[in-house]
Amino acid sequence: MRAFYFDNIPGDQRLLHDSGNAVSDEILKSTGVLHWHIPTSQQNQIDAVAEERNYKNRDTITITKQGLGDLYEAKLKSFYEEHMHEDEEIRYILEGSGFFDVREHPSDSWIRCHLNAGDLLVLPAGIYHRFTLDENNMIKAMRLFKDEPKWTPINRDSSTDANPYRVDYLKSIVVN
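What this report covers is the structure whose coordinates are included nearby. (Residues numbered from 1 in each chain as written. Predicted model: local features only at pLDDT ≥ 70, side-chain atom pairs only at ≥ 80, totals over all residues. Heavy atoms only, no water.)

A few words now on the pattern of salt bridges. In this structure the tally under the stated criterion is 15 salt bridges. In this structure, arginine 14 engages glutamate 73 in a salt bridge whose closest nitrogen and oxygen atoms are separated by 3.9 Å. Here arginine 14 is found in the loop between strand 1 (2-6) and strand 2 (18-22), whereas its partner glutamate 73 is found in helix 4 (residues 72-79), with 59 residues between them in sequence. A relative accessible area of 40% means that glutamate 73 is categorised as partly exposed. For arginine 103, the salt bridge goes to glutamate 82, with nearest N and O atoms at 2.9 Å. Note that arginine 103 is positioned in strand 6 (residues 89-103) and glutamate 82 in the loop between helix 4 and strand 5 (83-84), a separation of 21 residues in sequence. Grouping residues by exposure puts arginine 103 and glutamate 82 together as buried. Each of Glu82, Arg103, Asp108 and Arg156 takes part in salt bridges that share partners, so that together they form one network. (Salt bridge = Lys/Arg side-chain N within 4 Å of Asp/Glu carboxyl O. Helix = DSSP H or I, 4+ residues; strand = E, 2+ residues; numbered from the N terminus. Buried < 20%, exposed > 50% of the residue type's maximum accessible area, 1.4 Å probe, protein only.)

So, in structure tokens, the structure goes:
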């Protein structure tokens, strides 16, 4: 995985949008974002991470234009809406590639995380983020869950900063 600040230049969200400013692992950890690279040939290591982090359930999602058909553009738009979840979001990339953008606090800058096969990303509950495919237009990912599988986005608006999970998230991060 490679992380960098998003350039904020208007255009196709699937383009790299690399500002040229890399983001270190230390900065990512300060936002609560964790990542590992586990080669897809060694997926059994996912079981160890799942046990350590108490992930009990998993499923697989594939996002392609062919698979989603007429819903493709609408789905990509919905994934790209800035949102948070009340649970960790855990993704292990099996095939393809894409971007997770996370909000840095308190700067409110976007950090773009480019994930490829073998990358495992953990976003903490309460962090603002969004997702999009890259120009390859395909990703297959394993989603891991602590409890029953669910994916409930809470789009950012004037009320989300008061959400208890957002408040807890802000309390948990180190702000320089």
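This part takes up the side chain of glutamate 82. On the basis of relative accessibility, which here comes to 16%, the residue glutamate 82 falls in the buried class. One polar contact links glutamate 82 to arginine 103, side chain to side chain, over a distance of 2.9 Å. Within the structure, glutamate 82 has its side chain in polar contact with the side chain of arginine 156 (distance 2.8 Å). (Polar contact = N/O pair within 3.5 Å; in protein donor to acceptor, adjacent residues only side chain to side chain.)

Looking along the chain, the bond that leaves histidine 105 and enters proline 106 is cis, with omega of 10°. One can find proline 106 in the loop between strand 6 and strand 7 (110-116). The phi torsion at histidine 17 lies on the positive side, around 50°, for a residue other than glycine. Relative to the helices and strands, histidine 17 is located in the loop between strand 1 and strand 2. Here histidine 17 falls in the buried class, since its relative accessible area comes to 8%.

Quick look at helix 2 (residues 44-53) now. Listed as buried for helix 2 are Ile46, Val49 and Ala50. Seen from one end, helix 2 has its buried residues packed into an arc of 100°, which puts them on one side. Residues of helix 2 that are exposed and angled more than 90 degrees away from the buried face: Asn44, Glu51 and Glu52. In this structure, the buried residues of helix 2 make contact with strand 3 (34-37), strand 4 (57-64), strand 6, strand 8 (119-123) and strand 10 (138-145). Once helix 2 ends, the next one or two residues include asparagine 54, with phi positive near 70°. (Arc of directions from axis to C-beta. Contact = heavy atoms within 4.5 Å.)

One finds Leu28, Val33, Ile111, Leu123, Phe131 and Leu133 to be the most contacted residues of the largest nonpolar core, which totals 24 residues. Contributions of two or more residues to this core are made by strand 1, helix 4, strand 6, strand 7, strand 8, strand 9 (129-133) and strand 10. Sequence-distant contacts of leucine 133, defined by excluding residues within four places in its chain, comprise Gln13, Arg14, Ile63, Tyr72, Leu76, Ser97, Gly98, Phe99, Met138 and Ile139. Formed by twelve residues, the second largest nonpolar core is a distinct cluster that contains Ile38, Val49, Tyr92 and Met142. (Core = buried A, V, L, I, M, F, W, Y, C linked by side-chain atoms within 4.5 Å.)

Right, let's get into the packing of aromatic side chains. This structure, assessed with the given rule, holds two aromatic pairs. Ring geometry for phenylalanine 100 against phenylalanine 131: centres 4.9 Å apart, planes inclined by 50°, an arrangement best described as tilted. Here the residue phenylalanine 100 occupies a position in strand 6, and phenylalanine 131 occupies one in strand 9, the gap between them amounting to 31 residues. Grouping residues by exposure puts phenylalanine 100 and phenylalanine 131 together as buried. Positioned over the ring face of phenylalanine 99 is arginine 112, at 4.0 Å from the centre of the ring. Against the face of tryptophan 110 rests arginine 130, its NZ or CZ located 3.9 Å from the ring centre. (Phe/Tyr/Trp six-rings, centres within 6.5 Å; stacked < 30°, edge-to-face > 60°. Lys NZ or Arg CZ within 6 Å of the ring centre and 35° of its normal.)

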